[in-house]
Amino acid sequence: MAVVASVFAGGGGAPLFGKTPKGVPRDPYGDSVLLSRRQYRLELNGTPEQWRVRAGFALRRAIGPGSHGPDATISLPVSAYRGLGLEGLDELAGALGWRLDRERLRFGAVVLKPVPTPR
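Remember, predicted model here, so these are calculated numbers, not experimental data. (Residues numbered from 1 in each chain as written. Predicted model: local features only at pLDDT ≥ 70, side-chain atom pairs only at ≥ 80, totals over all residues. Heavy atoms only, no water.)

A. Structural context of the pattern of salt bridges. Counting across every chain of the model gives six salt bridges. Notably, a salt bridge pairs Arg-102 with Glu-87, separated by 3.0 Å at the nearest N-O pair. On the criterion of sequence distance, the pair formed by Arg-102 in the loop between β2 (98-100) and β3 (109-114) and Glu-87 in helix α4 (residues 85-95) is long-range, its members being 15 residues apart. Taking relative accessible area as the criterion, Arg-102 reaches 41% and is therefore assigned partly exposed. Between Arg-104 and Asp-101 there is a salt bridge, with its nearest N and O atoms 3.8 Å apart. Taken together, the salt bridges that share partners define one network made up of Glu-87, Asp-90 and Arg-102. (Salt bridge = Lys/Arg side-chain N within 4 Å of Asp/Glu carboxyl O. Helix = DSSP H or I, 4+ residues; strand = E, 2+ residues; numbered from the N terminus. Buried < 20%, exposed > 50% of the residue type's maximum accessible area, 1.4 Å probe, protein only.)

Quick look at the structure:
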């Protein structure tokens, strides 16, 4: 019982699977399977600005090192951008050199790919 209580009390502090990539800031909303209190409040009544911050952390974490090839893609769960919407996410990703792959939208997640660089 104490173990279960401690898991739920900390909910979202550290990634459940794997470590945070070096140079990527820790997500203040949590990034585990369980909702942190802050993520729960964001889900209930978060502002678009708060969702922009949340999506920015999730994008920077997903992009990470080794995901910059011409055929590279990343996937982002809807829980990371829900209050921002697809247009807001596309704008945010564009500033980081990525864009939505609208042909590969899936239920519960989006796929992003790098913006091709002109030659």
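B. Inspection of a nonpolar patch on the surface at higher detail. On the surface, Leu-35, Tyr-40 and Leu-44 cluster together to form a nonpolar patch covering roughly 330 Å² of accessible area. Within the secondary structure, Leu-35 sits in the loop between α1 (2-10) and α2 (37-45). (Patch = residues over 30% accessible without salt bridge, like charges linked within 9 Å, V, L, I, M, F, W, Y side chains within 5 Å. Areas by Shrake-Rupley, 256 points an atom, 1.4 Å probe, with all protein chains shown as cover.)

C. Structural detail: the environment of Glu-87. Looking at Glu-87, the relative accessible area reads 57%, which means it is exposed. Placed 13 residues apart in sequence, Glu-87 and Leu-100 show a C-alpha to C-alpha distance of 9.1 Å.

D. Highlighting the sheet that holds strand β1 (residues 74-77). If you walk across this open sheet you meet the three strands as β1-β3-β2, and the pairing is antiparallel. In the strand order of this sheet, the two ends are held by β1 and β2, each with one partner. Each adjacent strand pair in this sheet contributes to an overall mean axis angle of 35°, direction not counted. Sheet analysis places β1 next to β3, joined by four bridges and oriented antiparallel. Residue pairing across strands places Leu-76 opposite Val-110, the latter belonging to β3. Set on the sheet, helix α3 (residues 48-63) makes contact with β1, β2 and β3; between it and β1 the angle comes to about 150°. (Pairing = 2+ DSSP bridges. Axes fitted to C-alpha atoms, helices over the stretch in contact; angles between N-to-C directions. Contact = heavy atoms within 4.5 Å.)

Without other data, these values stay purely geometric and don't point to any function.
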